[in-house]
Amino acid sequence: IPTPGKDTIIYGGNTPCVKVETETTLIILDCGTGLKKLGDELMSTEFSKGKGEVHIFISHFHWDHIQGVPFFAPAYLAGNSIFFYGGKNVNQTIEEVLIKQQEYINFPVELGELPAIIRFIELTDGQEINIKDVNIKARKLNHPGGVFGFRIENKGKVLVYATDTEHFSVLDWRLLDLAKGADILIYDSAFSPEEYEKGKKVGWGHSTYAAGID
């Protein structure tokens, strides 16, 4: 997998992966290549003893958001608990997608061979999930093949993760609902307003910093 270095240090070098921690709960947003380094770091905690628990929310199944899964070290130790949350990708469930990624033709260790306890939870639009001291709300946003944005609340603080999404000509009311009152908004700004407004990027499922501000 890619490794950040002097040529990528300004903008990073890994595909999406964000760790969110509270006093009792570990959440990971997306499983891009950053999951490799994160997993290695977690092996210095209770995960090294097979006593770790993590809840992983996947926004969608484009490869840059799932390609770190086969390299997640805690999954290779019995006793660790890993919960994957995500929606259906057309006709495939989150479990089916991740199994296919690790079929033997693609990778030497299949998902079903991993010794950790792995569970899959299918999300629906507007669903709210409570995990210990955290509330997570999922909303469907605009992206080819579908995407979820997530609102994470803990002790009066709110973080919203809305990558790979597009407003089109009007602000997406679902995203406005998700982001209302947030302390931190992690948002898609793949294009400059000029790039997007020329029309060549409409429908690609990505946005601009200006739309994020709006």
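Preceding this section is the structure that the text describes.
Participant: Report on the side chain of T163, specifying residues and quantitative values.
Facilitator: Here T163 is to be found in the loop between strand 9 (157-162) and helix 3 (173-179). Looking at T163, the relative accessible area reads 12%, which means it is buried. A distance of 2.8 Å separates the side chain of T163 from the side chain of D164, its partner in a polar contact. Beyond its immediate stretch of four places on either side in the chain, T163 contacts D30, S59, H65, V147, I186 and D188.

Participant: Just give me the short version of the sheet that holds strand 10 (residues 184-187), but keep the residues and values in it.
Facilitator: Strand order in this open sheet of five strands is 6-7-8-9-10, and the pairing throughout is mixed. Looking at which strands have only one partner, the edges of the open sheet turn out to be strand 6 (128-131) and strand 10. Neighbour-to-neighbour, the strand axes of this sheet turn through a mean angle of 15°, independent of strand direction.

Participant: I'd like to hear about the pattern of salt bridges, residue by residue, with values.
Facilitator: Two side chains of opposite charge can pair, provided their charged atoms sit close to one another. Evaluated as defined, the whole model comprises nine salt bridges. In this structure, K19 engages E21 in a salt bridge whose closest nitrogen and oxygen atoms are separated by 3.6 Å. Since its relative accessible area comes to 39%, K19 is described here as partly exposed. R139 serves as the salt-bridge partner of D177, at 2.9 Å between the closest nitrogen and oxygen. Linking D177 in helix 3 with R139 in strand 7 (residues 134-141), this pair joins segments that are 38 residues apart in sequence. Judged by relative accessible area, which is 9%, R139 ranks as buried. A single network of salt bridges, built from pairs that share partners, joins D125, K137, R139 and D177.

What counts as what
- Residues numbered from 1 in each chain as written.
- Predicted model: local features only at pLDDT ≥ 70, side-chain atom pairs only at ≥ 80, totals over all residues.
- Heavy atoms only, no water.
- Helix = DSSP H or I, 4+ residues; strand = E, 2+ residues; numbered from the N terminus.
- Buried < 20%, exposed > 50% of the residue type's maximum accessible area, 1.4 Å probe, protein only.
- Polar contact = N/O pair within 3.5 Å; in protein donor to acceptor, adjacent residues only side chain to side chain.
- Contact = heavy atoms within 4.5 Å.
- Pairing = 2+ DSSP bridges.
- Axes fitted to C-alpha atoms, helices over the stretch in contact; angles between N-to-C directions.
- Salt bridge = Lys/Arg side-chain N within 4 Å of Asp/Glu carboxyl O.

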